[in-house]
Number of protein chains: 2
Amino acid sequence: GKMSPARKVLQQDESGGLEFSAPPGRLLYVVNRLGMNCPWTQSIKPLEMLEWLGSEVEEVRKELGQISVYGALCSGGRNIWGEETGDVGRMKSELTAELGDILFDSLMLEMICRREFGLGKFDAWEAASAKVERRTPYMKEWGDGSIAETPQDATKLWEAAKMEEKRQIKDDAKRVQSQPLRKGRDVAHVKATQCFWNMSFSLRSIFASSVLGFAIGAAVSCRIRLRHE
Amino acid sequence: GKMSPARKVLQQDESGGLEFSAPPGRLLYVVNRLGMNCPWTQSIKPLEMLEWLGSEVEEVRKELGQISVYGALCSGGRNIWGEETGDVGRMKSELTAELGDILFDSLMLEMICRREFGLGKFDAWEAASAKVERRTPYMKEWGDGSIAETPQDATKLWEAAKMEEKRQIKDDAKRVQSQPLRKGRDVAHVKATQCFWNMSFSLRSIFASSVLGFAIGAAVSCRIRLRHE
(Lines give C-alpha, C1' and ligand atoms only; values in the text may rest on other atoms or scores of the structure.)
Protein backbone atom coordinates (compact mmCIF):
# COMPACT_ATOMS: atom_id res chain seq x y z
CA GLY A 1 0.00 0.00 0.00
CA LYS A 2 0.87 3.71 0.00
CA MET A 3 3.17 4.86 2.75
CA SER A 4 1.64 7.28 5.24
CA PRO A 5 3.85 10.23 6.29
CA ALA A 6 4.22 8.68 9.77
CA ARG A 7 6.00 5.67 8.29
CA LYS A 8 8.71 7.77 6.71
CA VAL A 9 10.07 9.32 9.88
CA LEU A 10 10.42 6.10 11.85
CA GLN A 11 13.63 5.09 13.45
CA GLN A 12 14.82 1.64 12.50
CA ASP A 13 15.00 0.22 16.01
CA GLU A 14 11.30 0.80 16.58
CA SER A 15 10.48 -2.15 14.39
CA GLY A 16 13.22 -4.43 15.66
CA GLY A 17 15.37 -3.87 12.61
CA LEU A 18 12.49 -4.68 10.29
CA GLU A 19 11.40 -2.71 7.30
CA PHE A 20 8.21 -0.87 8.08
CA SER A 21 6.78 -1.76 4.72
CA ALA A 22 6.84 -5.42 5.80
CA PRO A 23 3.86 -6.50 7.91
CA PRO A 24 5.80 -7.95 10.89
CA GLY A 25 7.82 -4.75 11.18
CA ARG A 26 4.65 -2.68 11.01
CA LEU A 27 3.01 -4.63 13.85
CA LEU A 28 6.08 -4.30 16.09
CA TYR A 29 6.04 -0.57 15.41
CA VAL A 30 2.31 -0.31 16.22
CA VAL A 31 2.83 -2.16 19.52
CA ASN A 32 5.78 -0.01 20.55
CA ARG A 33 3.89 3.21 19.75
CA LEU A 34 0.86 2.04 21.75
CA GLY A 35 3.25 1.47 24.66
CA MET A 36 4.52 5.04 24.32
CA ASN A 37 1.35 7.00 23.56
CA CYS A 38 -1.86 5.03 24.23
CA PRO A 39 -3.55 5.73 27.58
CA TRP A 40 -5.30 2.33 27.64
CA THR A 41 -2.08 0.43 26.98
CA GLN A 42 -0.32 2.43 29.66
CA SER A 43 -2.98 1.46 32.23
CA ILE A 44 -2.69 -2.29 31.53
CA LYS A 45 -0.72 -4.60 33.83
CA PRO A 46 1.06 -7.79 32.71
CA LEU A 47 -1.56 -10.15 34.22
CA GLU A 48 -4.43 -8.31 32.47
CA MET A 49 -2.63 -8.58 29.13
CA LEU A 50 -2.02 -12.28 29.83
CA GLU A 51 -5.80 -12.75 30.29
CA TRP A 52 -6.41 -11.19 26.86
CA LEU A 53 -3.90 -13.59 25.33
CA GLY A 54 -5.48 -16.54 27.15
CA SER A 55 -8.97 -15.69 25.86
CA GLU A 56 -7.55 -15.34 22.34
CA VAL A 57 -6.12 -18.87 22.60
CA GLU A 58 -9.68 -20.06 23.36
CA GLU A 59 -11.00 -18.19 20.30
CA VAL A 60 -8.49 -19.95 18.06
CA ARG A 61 -9.43 -23.30 19.64
CA LYS A 62 -13.11 -22.70 18.71
CA GLU A 63 -12.19 -21.63 15.18
CA LEU A 64 -9.96 -24.71 14.64
CA GLY A 65 -12.77 -26.93 15.97
CA GLN A 66 -15.22 -25.49 13.43
CA ILE A 67 -12.76 -25.89 10.59
CA SER A 68 -11.99 -29.52 11.49
CA VAL A 69 -15.68 -30.50 11.62
CA TYR A 70 -16.25 -28.76 8.32
CA GLY A 71 -13.09 -30.26 6.77
CA ALA A 72 -14.15 -33.80 7.71
CA LEU A 73 -17.51 -33.30 5.96
CA CYS A 74 -16.19 -31.51 2.94
CA SER A 75 -12.72 -32.89 1.98
CA GLY A 76 -10.53 -29.88 2.68
CA GLY A 77 -13.27 -27.32 2.29
CA ARG A 78 -13.57 -27.64 -1.47
CA ASN A 79 -16.67 -28.63 -3.31
CA ILE A 80 -16.76 -31.53 -5.79
CA TRP A 81 -15.37 -29.24 -8.50
CA GLY A 82 -12.29 -28.45 -6.35
CA GLU A 83 -13.39 -24.86 -5.74
CA GLU A 84 -13.21 -23.33 -2.28
CA THR A 85 -16.71 -22.91 -0.95
CA GLY A 86 -18.06 -19.77 0.70
CA ASP A 87 -17.79 -21.21 4.22
CA VAL A 88 -14.12 -22.04 3.80
CA GLY A 89 -13.30 -18.52 2.67
CA ARG A 90 -15.15 -17.09 5.68
CA MET A 91 -13.49 -19.54 8.11
CA LYS A 92 -10.05 -18.80 6.69
CA SER A 93 -10.44 -15.07 7.10
CA GLU A 94 -11.81 -15.53 10.63
CA LEU A 95 -8.87 -17.77 11.54
CA THR A 96 -6.46 -15.26 10.00
CA ALA A 97 -7.96 -12.50 12.16
CA GLU A 98 -7.70 -14.67 15.32
CA LEU A 99 -4.06 -15.53 14.54
CA GLY A 100 -3.41 -11.83 14.07
CA ASP A 101 -4.91 -11.21 17.53
CA ILE A 102 -2.58 -13.88 19.00
CA LEU A 103 0.47 -12.24 17.42
CA PHE A 104 -0.66 -8.78 18.61
CA ASP A 105 -1.41 -9.95 22.17
CA SER A 106 1.94 -11.77 22.43
CA LEU A 107 3.85 -8.69 21.31
CA MET A 108 1.80 -6.53 23.70
CA LEU A 109 2.49 -8.91 26.62
CA GLU A 110 6.21 -8.86 25.91
CA MET A 111 6.22 -5.05 25.67
CA ILE A 112 4.18 -4.53 28.85
CA CYS A 113 6.35 -6.97 30.87
CA ARG A 114 9.46 -5.30 29.50
CA ARG A 115 8.18 -1.90 30.67
CA GLU A 116 6.96 -3.21 34.05
CA PHE A 117 10.10 -5.15 34.99
CA GLY A 118 12.74 -3.22 33.04
CA LEU A 119 13.70 -6.12 30.77
CA GLY A 120 16.09 -5.55 27.84
CA LYS A 121 14.51 -4.53 24.52
CA PHE A 122 15.20 -7.73 22.56
CA ASP A 123 16.04 -10.11 25.43
CA ALA A 124 12.95 -12.31 25.01
CA TRP A 125 13.48 -12.58 21.23
CA GLU A 126 17.13 -13.44 21.69
CA ALA A 127 16.41 -15.96 24.44
CA ALA A 128 13.88 -17.70 22.16
CA SER A 129 16.17 -17.95 19.11
CA ALA A 130 19.16 -19.06 21.19
CA LYS A 131 17.17 -21.77 22.99
CA VAL A 132 15.52 -23.14 19.85
CA GLU A 133 18.79 -23.14 17.90
CA ARG A 134 20.58 -24.95 20.77
CA ARG A 135 17.87 -27.59 20.97
CA THR A 136 17.60 -28.29 17.23
CA PRO A 137 21.23 -29.23 16.39
CA TYR A 138 19.94 -31.31 13.46
CA MET A 139 18.95 -28.20 11.51
CA LYS A 140 21.52 -27.72 8.76
CA GLU A 141 21.11 -23.93 8.95
CA TRP A 142 22.53 -23.61 12.50
CA GLY A 143 23.17 -27.15 13.74
CA ASP A 144 26.32 -29.17 14.50
CA GLY A 145 25.84 -31.89 11.88
CA SER A 146 23.50 -34.05 13.97
CA ILE A 147 20.83 -35.78 11.94
CA ALA A 148 17.12 -36.20 12.67
CA GLU A 149 15.07 -38.10 10.12
CA THR A 150 11.89 -38.50 12.18
CA PRO A 151 9.93 -36.48 14.76
CA GLN A 152 11.22 -38.98 17.39
CA ASP A 153 14.87 -38.32 16.45
CA ALA A 154 14.19 -34.58 16.76
CA THR A 155 12.55 -35.00 20.18
CA LYS A 156 15.54 -37.06 21.45
CA LEU A 157 18.03 -34.38 20.37
CA TRP A 158 15.82 -31.62 21.87
CA GLU A 159 15.70 -33.46 25.23
CA ALA A 160 19.47 -34.17 25.16
CA ALA A 161 20.20 -30.46 24.62
CA LYS A 162 17.84 -29.59 27.49
CA MET A 163 19.68 -32.00 29.84
CA GLU A 164 23.00 -30.51 28.78
CA GLU A 165 21.71 -26.98 29.59
CA LYS A 166 20.71 -28.11 33.09
CA ARG A 167 24.09 -29.77 33.64
CA GLN A 168 25.88 -26.57 32.61
CA ILE A 169 23.83 -24.43 34.97
CA LYS A 170 24.76 -26.76 37.87
CA ASP A 171 28.45 -26.71 36.88
CA ASP A 172 28.45 -22.91 36.73
CA ALA A 173 26.94 -22.73 40.21
CA LYS A 174 29.66 -25.10 41.55
CA ARG A 175 32.49 -23.16 39.87
CA VAL A 176 31.31 -19.89 41.46
CA GLN A 177 31.27 -21.53 44.89
CA SER A 178 34.73 -23.14 44.54
CA GLN A 179 36.62 -20.23 42.94
CA PRO A 180 40.07 -19.51 44.50
CA LEU A 181 40.01 -16.86 47.26
CA ARG A 182 42.56 -14.62 48.87
CA LYS A 183 43.19 -15.57 52.50
CA GLY A 184 42.07 -14.06 55.78
CA ARG A 185 39.43 -11.33 55.64
CA ASP A 186 38.43 -12.18 52.01
CA VAL A 187 37.58 -15.78 52.89
CA ALA A 188 35.66 -14.67 55.96
CA HIS A 189 33.78 -12.05 53.89
CA VAL A 190 32.83 -14.50 51.13
CA LYS A 191 31.80 -17.13 53.68
CA ALA A 192 29.57 -14.64 55.50
CA THR A 193 28.06 -13.40 52.19
CA GLN A 194 27.46 -16.94 50.95
CA CYS A 195 25.92 -17.87 54.27
CA PHE A 196 23.57 -14.86 54.02
CA TRP A 197 22.54 -15.48 50.38
CA ASN A 198 22.10 -19.23 50.95
CA MET A 199 19.38 -18.46 53.49
CA SER A 200 15.82 -18.47 52.19
CA PHE A 201 14.28 -15.10 51.40
CA SER A 202 12.13 -14.97 54.56
CA LEU A 203 15.06 -15.90 56.81
CA ARG A 204 17.10 -13.15 55.14
CA SER A 205 14.29 -10.64 55.77
CA ILE A 206 14.11 -11.62 59.45
CA PHE A 207 17.89 -11.45 59.75
CA ALA A 208 18.07 -8.03 58.03
CA SER A 209 15.27 -6.54 60.16
CA SER A 210 16.91 -7.85 63.35
CA VAL A 211 20.20 -6.21 62.41
CA LEU A 212 18.41 -2.97 61.49
CA GLY A 213 16.36 -3.08 64.74
CA PHE A 214 19.51 -3.73 66.77
CA ALA A 215 21.28 -0.78 65.10
CA ILE A 216 18.36 1.62 65.67
CA GLY A 217 17.98 0.39 69.27
CA ALA A 218 21.68 0.88 69.93
CA ALA A 219 21.65 4.37 68.39
CA VAL A 220 18.59 5.47 70.38
CA SER A 221 19.93 4.15 73.70
CA CYS A 222 23.29 5.75 72.99
CA ARG A 223 21.56 9.15 72.39
CA ILE A 224 19.50 8.81 75.59
CA ARG A 225 22.61 7.95 77.58
CA LEU A 226 24.45 10.99 76.08
CA ARG A 227 21.56 13.30 77.08
CA HIS A 228 21.54 12.02 80.65
CA GLU A 229 25.31 12.39 81.09
CA GLY B 1 27.58 -11.35 17.62
CA LYS B 2 29.44 -12.81 14.63
CA MET B 3 27.35 -13.77 11.63
CA SER B 4 27.26 -17.45 10.80
CA PRO B 5 27.61 -18.36 7.09
CA ALA B 6 23.96 -19.48 7.04
CA ARG B 7 22.83 -15.94 7.84
CA LYS B 8 24.58 -14.47 4.82
CA VAL B 9 22.67 -16.43 2.19
CA LEU B 10 19.21 -15.68 3.51
CA GLN B 11 16.55 -14.22 1.34
CA GLN B 12 14.95 -11.12 2.75
CA ASP B 13 11.39 -12.40 2.72
CA GLU B 14 12.24 -15.25 5.07
CA SER B 15 12.36 -12.83 7.98
CA GLY B 16 9.35 -10.76 6.95
CA GLY B 17 11.49 -7.91 5.67
CA LEU B 18 13.50 -7.80 8.87
CA GLU B 19 17.23 -7.69 9.13
CA PHE B 20 18.55 -11.00 10.31
CA SER B 21 20.96 -9.32 12.65
CA ALA B 22 17.92 -8.02 14.58
CA PRO B 23 16.45 -10.52 17.06
CA PRO B 24 12.81 -10.43 15.84
CA GLY B 25 13.97 -11.08 12.26
CA ARG B 26 16.16 -13.93 13.46
CA LEU B 27 13.26 -15.62 15.29
CA LEU B 28 10.97 -15.34 12.25
CA TYR B 29 13.70 -16.92 10.15
CA VAL B 30 14.20 -19.75 12.66
CA VAL B 31 10.45 -20.48 12.69
CA ASN B 32 10.19 -20.50 8.88
CA ARG B 33 13.19 -22.81 8.55
CA LEU B 34 11.76 -25.22 11.15
CA GLY B 35 8.59 -25.27 9.04
CA MET B 36 10.62 -26.18 5.97
CA ASN B 37 13.20 -28.64 7.35
CA CYS B 38 12.35 -29.91 10.86
CA PRO B 39 10.65 -33.34 10.98
CA TRP B 40 9.03 -32.63 14.37
CA THR B 41 7.57 -29.30 13.22
CA GLN B 42 6.26 -30.96 10.07
CA SER B 43 4.42 -33.58 12.15
CA ILE B 44 2.65 -31.01 14.35
CA LYS B 45 -0.98 -30.03 13.76
CA PRO B 46 -2.48 -26.61 14.60
CA LEU B 47 -4.34 -27.85 17.71
CA GLU B 48 -1.18 -29.44 19.15
CA MET B 49 0.73 -26.20 18.67
CA LEU B 50 -2.15 -24.33 20.32
CA GLU B 51 -1.81 -26.61 23.37
CA TRP B 52 1.89 -25.69 23.63
CA LEU B 53 0.98 -22.00 23.52
CA GLY B 54 -1.74 -22.51 26.14
CA SER B 55 0.65 -24.24 28.55
CA GLU B 56 3.15 -21.43 28.02
CA VAL B 57 0.48 -18.89 29.02
CA GLU B 58 0.14 -20.85 32.29
CA GLU B 59 3.93 -20.76 32.82
CA VAL B 60 3.94 -16.97 32.48
CA ARG B 61 0.99 -16.74 34.90
CA LYS B 62 3.00 -18.67 37.53
CA GLU B 63 6.08 -16.55 36.95
CA LEU B 64 4.10 -13.27 37.25
CA GLY B 65 2.51 -14.59 40.46
CA GLN B 66 5.93 -15.25 42.00
CA ILE B 67 7.21 -11.83 40.99
CA SER B 68 4.18 -10.04 42.42
CA VAL B 69 4.48 -11.82 45.81
CA TYR B 70 8.17 -11.04 45.89
CA GLY B 71 7.63 -7.44 44.75
CA ALA B 72 5.11 -6.82 47.54
CA LEU B 73 7.62 -8.01 50.17
CA CYS B 74 10.63 -6.30 48.72
CA SER B 75 9.58 -2.94 47.13
CA GLY B 76 10.28 -3.59 43.48
CA GLY B 77 12.79 -6.37 44.09
CA ARG B 78 15.56 -4.11 45.34
CA ASN B 79 17.19 -4.31 48.71
CA ILE B 80 17.38 -1.34 51.10
CA TRP B 81 20.43 -0.04 49.23
CA GLY B 82 18.46 0.05 45.95
CA GLU B 83 20.42 -2.85 44.44
CA GLU B 84 18.65 -5.64 42.62
CA THR B 85 18.81 -8.78 44.70
CA GLY B 86 19.76 -12.23 43.42
CA ASP B 87 16.15 -13.44 43.36
CA VAL B 88 15.03 -10.56 41.16
CA GLY B 89 17.75 -11.23 38.62
CA ARG B 90 16.79 -14.90 38.50
CA MET B 91 13.06 -14.11 38.19
CA LYS B 92 13.69 -11.57 35.44
CA SER B 93 15.68 -14.02 33.37
CA GLU B 94 13.08 -16.75 33.93
CA LEU B 95 10.29 -14.36 32.85
CA THR B 96 12.33 -13.31 29.81
CA ALA B 97 12.71 -16.97 28.81
CA GLU B 98 8.94 -17.59 29.25
CA LEU B 99 8.09 -14.51 27.17
CA GLY B 100 10.48 -15.79 24.52
CA ASP B 101 8.59 -19.10 24.54
CA ILE B 102 5.29 -17.21 24.06
CA LEU B 103 6.69 -15.31 21.08
CA PHE B 104 8.11 -18.52 19.59
CA ASP B 105 4.91 -20.52 20.09
CA SER B 106 2.76 -17.73 18.58
CA LEU B 107 4.96 -17.54 15.50
CA MET B 108 4.94 -21.35 15.22
CA LEU B 109 1.13 -21.46 15.51
CA GLU B 110 0.75 -18.84 12.79
CA MET B 111 3.19 -20.70 10.53
CA ILE B 112 1.58 -24.13 11.08
CA CYS B 113 -1.95 -22.79 10.47
CA ARG B 114 -0.71 -20.98 7.37
CA ARG B 115 0.73 -24.24 6.02
CA GLU B 116 -2.30 -26.34 7.03
CA PHE B 117 -4.97 -24.03 5.61
CA GLY B 118 -3.03 -22.29 2.84
CA LEU B 119 -3.26 -18.80 4.37
CA GLY B 120 -1.31 -15.91 2.83
CA LYS B 121 2.22 -15.35 4.12
CA PHE B 122 1.65 -12.07 5.99
CA ASP B 123 -2.16 -12.07 6.18
CA ALA B 124 -2.35 -12.50 9.96
CA TRP B 125 0.23 -9.73 10.55
CA GLU B 126 -1.59 -7.39 8.17
CA ALA B 127 -4.97 -8.17 9.68
CA ALA B 128 -3.63 -7.36 13.16
CA SER B 129 -2.04 -4.02 12.23
CA ALA B 130 -5.04 -2.93 10.17
CA LYS B 131 -7.51 -3.79 12.96
CA VAL B 132 -5.52 -2.13 15.74
CA GLU B 133 -4.87 1.01 13.66
CA ARG B 134 -8.58 1.26 12.78
CA ARG B 135 -9.60 0.93 16.41
CA THR B 136 -7.11 3.42 17.85
CA PRO B 137 -7.96 6.57 15.84
CA TYR B 138 -6.64 8.69 18.75
CA MET B 139 -3.02 7.66 18.00
CA LYS B 140 -1.34 10.62 16.33
CA GLU B 141 0.87 8.25 14.29
CA TRP B 142 -1.99 6.75 12.26
CA GLY B 143 -5.21 8.24 13.65
CA ASP B 144 -7.80 10.71 12.34
CA GLY B 145 -7.29 13.44 14.92
CA SER B 146 -9.56 11.89 17.58
CA ILE B 147 -8.35 12.46 21.12
CA ALA B 148 -8.21 10.02 24.04
CA GLU B 149 -6.87 11.37 27.31
CA THR B 150 -7.85 8.43 29.52
CA PRO B 151 -8.11 4.63 29.22
CA GLN B 152 -11.92 5.11 29.21
CA ASP B 153 -11.76 7.49 26.23
CA ALA B 154 -9.60 4.95 24.40
CA THR B 155 -12.04 2.10 25.15
CA LYS B 156 -14.99 4.18 23.85
CA LEU B 157 -13.22 4.93 20.56
CA TRP B 158 -12.17 1.26 20.22
CA GLU B 159 -15.79 0.10 20.70
CA ALA B 160 -17.11 2.74 18.29
CA ALA B 161 -14.69 1.58 15.58
CA LYS B 162 -15.74 -2.04 16.23
CA MET B 163 -19.45 -1.13 15.78
CA GLU B 164 -18.61 0.74 12.56
CA GLU B 165 -16.80 -2.38 11.22
CA LYS B 166 -19.87 -4.53 11.91
CA ARG B 167 -22.15 -1.98 10.22
CA GLN B 168 -19.93 -1.95 7.13
CA ILE B 169 -19.90 -5.75 6.88
CA LYS B 170 -23.74 -5.74 6.95
CA ASP B 171 -23.89 -2.96 4.32
CA ASP B 172 -21.51 -4.86 2.06
CA ALA B 173 -23.66 -7.98 2.31
CA LYS B 174 -26.77 -5.94 1.38
CA ARG B 175 -25.02 -4.26 -1.56
CA VAL B 176 -23.97 -7.65 -2.98
CA GLN B 177 -27.56 -8.92 -2.76
CA SER B 178 -29.10 -5.84 -4.38
CA GLN B 179 -26.59 -5.24 -7.17
CA PRO B 180 -28.13 -4.56 -10.64
CA LEU B 181 -28.58 -7.67 -12.81
CA ARG B 182 -29.00 -8.34 -16.49
CA LYS B 183 -32.46 -9.68 -17.25
CA GLY B 184 -33.76 -13.11 -18.05
CA ARG B 185 -31.36 -16.03 -17.58
CA ASP B 186 -28.89 -13.99 -15.48
CA VAL B 187 -31.53 -13.15 -12.90
CA ALA B 188 -32.69 -16.75 -12.79
CA HIS B 189 -29.09 -17.96 -12.42
CA VAL B 190 -28.25 -15.53 -9.60
CA LYS B 191 -31.52 -16.31 -7.80
CA ALA B 192 -30.84 -20.04 -8.00
CA THR B 193 -27.23 -19.56 -6.82
CA GLN B 194 -28.31 -17.31 -3.94
CA CYS B 195 -30.98 -19.74 -2.97
CA PHE B 196 -28.43 -22.58 -2.94
CA TRP B 197 -25.80 -20.66 -0.92
CA ASN B 198 -28.37 -19.31 1.53
CA MET B 199 -29.13 -22.86 2.60
CA SER B 200 -27.28 -24.20 5.61
CA PHE B 201 -24.27 -26.39 4.92
CA SER B 202 -26.05 -29.66 5.80
CA LEU B 203 -29.05 -28.77 3.61
CA ARG B 204 -26.66 -28.02 0.75
CA SER B 205 -24.94 -31.39 1.23
CA ILE B 206 -28.28 -33.21 1.16
CA PHE B 207 -29.35 -31.24 -1.92
CA ALA B 208 -26.05 -31.88 -3.72
CA SER B 209 -26.09 -35.64 -2.97
CA SER B 210 -29.71 -35.91 -4.15
CA VAL B 211 -28.83 -34.22 -7.44
CA LEU B 212 -25.76 -36.46 -7.83
CA GLY B 213 -27.80 -39.60 -6.91
CA PHE B 214 -30.51 -38.61 -9.39
CA ALA B 215 -27.91 -38.10 -12.15
CA ILE B 216 -26.22 -41.46 -11.52
CA GLY B 217 -29.59 -43.20 -11.28
CA ALA B 218 -30.72 -41.63 -14.54
CA ALA B 219 -27.44 -42.55 -16.28
CA VAL B 220 -27.56 -46.17 -15.08
CA SER B 221 -31.23 -46.68 -16.02
CA CYS B 222 -30.55 -45.08 -19.40
CA ARG B 223 -27.64 -47.51 -20.00
CA ILE B 224 -29.77 -50.53 -18.97
CA ARG B 225 -32.56 -49.42 -21.28
CA LEU B 226 -30.06 -48.98 -24.16
CA ARG B 227 -28.72 -52.51 -23.59
CA HIS B 228 -32.19 -54.05 -23.60
CA GLU B 229 -33.24 -52.31 -26.78
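About the cut-offs
Residues numbered from 1 in each chain as written. Chains lettered and ligands numbered in written order. Predicted model: local features only at pLDDT ≥ 70, side-chain atom pairs only at ≥ 80, totals over all residues. Heavy atoms only, no water. Helix = DSSP H or I, 4+ residues; strand = E, 2+ residues; numbered from the N terminus. Buried < 20%, exposed > 50% of the residue type's maximum accessible area, 1.4 Å probe, protein only. Contact = heavy atoms within 4.5 Å. Areas by Shrake-Rupley, 256 points an atom, 1.4 Å probe, with all protein chains shown as cover. 1 Å grid on protein atoms, 1.4 Å probe; cavity = no way out; pocket = protein on both sides within 12 Å on 5 of 7 lines; lining within 4 Å. Points joined across faces, edges and corners; volume = space filled by probe spheres on them. Nonpolar A, V, L, I, M, F, W, Y, C, P; charged D, E, K, R; others polar. Phe/Tyr/Trp six-rings, centres within 6.5 Å; stacked < 30°, edge-to-face > 60°. Least-squares fit on C-alpha atoms with pLDDT ≥ 70 in both. Salt bridge = Lys/Arg side-chain N within 4 Å of Asp/Glu carboxyl O. Polar contact = N/O pair within 3.5 Å; in protein donor to acceptor, adjacent residues only side chain to side chain. Expected span 1.5 Å × (residues − 1). Core = buried A, V, L, I, M, F, W, Y, C linked by side-chain atoms within 4.5 Å. Axes fitted to C-alpha atoms, helices over the stretch in contact; angles between N-to-C directions. Left-handed = near helix turned anticlockwise from the far one by under 90°.

An unreviewed UniProt entry annotates chain A as NTP pyrophosphohydrolase MazG-like domain-containing protein of Odontella aurita.

**Q** In this structure, what is going on with the overall build of chain A? I would like to understand it.
**A** Along the backbone of chain A there are 9 helices and 0 strands. Beginning at the N terminus, the succession of helices and strands in chain A can be written as α-α-α-α-α-α-α-α-α. Per-residue burial over chain A gives 38% buried out of 229 residues. Long-range contacts, defined as pairs at least 24 residues apart, comprise 46% of the intrachain contacts of chain A with a sequence gap of at least 6. A total accessible area of about 13,900 Å² is found for chain A, and carbon and sulfur atoms account for 60% of it.

**Q** What is the right way to read the environment of A:Leu34 from this model?
**A** Relative to the helices and strands, A:Leu34 is located in helix α2 (residues 23-37). For A:Leu34, a relative accessible area of 2% corresponds to the buried category. Note: C-alpha distance between A:Leu34 and A:Met111 (77 residues apart in sequence) is 9.7 Å. Not counting residues within four places of it along the chain, the set of residues in contact with A:Leu34 comprises A:Thr41, A:Phe104, A:Met108, B:Val132, B:Thr136, B:Met139 and B:Trp142.

**Q** Whenever I open this one, the layout of surface pockets confuses me. Can you help?
**A** A probe matching the size of a water molecule, rolled over the atoms, marks out where space remains unfilled. Of the volumes computed, that of the largest pocket is approximately 1,200 Å³. Secondary-structure elements contributing two or more residues to the lining of the largest pocket are α6 (123-135) and α7 (151-177) of chain A together with α3 (39-43), α4 (46-73) and α5 (86-117) of chain B. When residues of the lining of the largest pocket are assigned to their parent elements, the largest contribution, 10 residues, is made by α5(B). When grouped by side-chain class, the residues that make up the lining of the largest pocket number 16 nonpolar, 6 polar and 15 charged. Empty space within the second largest pocket amounts to approximately 1,000 Å³.

**Q** Which parts of the structure should I look at to understand the packing of aromatic side chains?
**A** Two measures describe an aromatic ring pair: the distance that separates the ring centres and the angle between the ring planes. Across all of its chains, the model carries 4 aromatic pairs over all chains by this definition. Between A:Tyr29 and B:Trp142, the ring centres sit 6.1 Å apart and the planes meet at 75°, which makes this aromatic pair edge-to-face. Of this pair, A:Tyr29 sits in helix α2 while B:Trp142 sits in the loop between α6 (123-135) and α7 (151-177), which puts the two residues in different chains. An identical accessibility class is assigned to A:Tyr29 and B:Trp142; each is buried. The interplanar angle of 70° and the centroid separation of 6.2 Å between the aromatic rings of A:Trp40 and A:Trp52 together place this pair among those described as edge-to-face.

**Q** Where do I start with the relation of the copies chain A and chain B in this structure?
**A** Its rotation angle being 180°, the transformation that places chain A on chain B also includes 0.0 Å of axial translation and leaves an RMSD of 0.1 Å. In short, the pair behaves as if placed about a two-fold rotation axis. Taken together, the interface assignments show that 100% of the residues at the interface of chain A recur at the interface of chain B, consistent with an identical surface on both copies.

**Q** Please explain the interface of chain A and chain B as it appears in this structure.
**A** One widely used convention gives an interface's size as the accessible area the parts lose upon coming together. Taken together, the contact pairs 83 residues of chain A with 83 residues of chain B. The salt bridge partner of B:Lys131 is A:Asp101, with a shortest N-O separation of 2.9 Å. On the surface where chain A and chain B come into contact, there are 13 residue pairs in polar contact (both at pLDDT 80 or more). The set of elements that each furnish at least two residues to the side of chain A that touches chain B consists of α2, α3 (39-43), α4 (46-73), α5 (86-117), α6, α7 and α9 (201-228) of chain A. The leading source of residues in the side of chain A that touches chain B is α5(A), at 18 residues. For the side of chain A that touches chain B, a count of residues per class yields 49 nonpolar, 17 polar and 17 charged.

**Q** Explanation requested: α6(B) in the structure shown.
**A** With 13 residues, α6(B) should reach 18 Å at 1.5 Å per residue; the first-to-last C-alpha distance of 18 Å fits that figure. What α6(B) keeps buried is the set B:Ala124, B:Trp125, B:Ala128, B:Ser129, B:Lys131, B:Val132, B:Glu133 and B:Arg135.

**Q** Can you help me understand the pattern of salt bridges in this one?
**A** A side chain with one charge can pair with a side chain of the opposite charge if their charged atoms come near. On inspection of all chains with the given rule, the structure shows 28 salt bridges over all chains. A salt bridge links A:Arg167 to A:Asp171; the shortest N-O distance between them is 3.1 Å. Separated by 4 residues within a single helix, A:Arg167 and A:Asp171 lie in helix α7, roughly one turn from each other. For A:Asp171, a relative accessible area of 33% translates into the label partly exposed. One salt bridge connects B:Glu59 with B:Lys62, and the closest N-O pair in it is separated by 3.8 Å. On the criterion of helical spacing, the pair formed by B:Glu59 and B:Lys62 is a turn pair, its members being 3 residues apart in helix α4.

**Q** I'm lost on the nonpolar core in this one. Help?
**A** The tendency in soluble globular proteins is for nonpolar side chains to be buried side by side. A:Leu34, A:Leu109, B:Leu34, B:Leu95 and B:Leu109 are the most contacted members of the largest nonpolar core, which totals 77 residues. Counting only elements with at least two residues in this core, the list comes to α2, α4, α5 and α6 of chain A together with α2 (23-37), α4, α5 and α6 of chain B. With 13 residues, the top contributor of residues to this core is α5(A). When sequence neighbours within four positions are dropped, the list of residues in contact with A:Leu109 reads A:Pro46, A:Met49, A:Leu50, A:Leu53, B:Val60, B:Leu99 and B:Ile102.

**Q** Where do I start with the packing of α2(A) against α6(B) in this structure?
**A** The relative placement of two packed helices is expressed as an angle between their axes plus a distance between the axes. Following both chains from N to C, one finds α2(A) and α6(B) inclined at 35°, their axes separated by 8 Å at the closest point. The way α2(A) lies across α6(B) gives a crossing that is left-handed. Contact with α2(A), carried on its side by A:Pro23, A:Pro24, A:Arg26, A:Leu27, A:Val30 and A:Leu34, involves B:Trp125, B:Glu126, B:Ala128, B:Ser129, B:Val132 and B:Glu133 of α6(B) and no other residues of that element. Among the residues forming the contact of α2(A) with α6(B), the class breakdown is 8 nonpolar, 1 polar and 3 charged.

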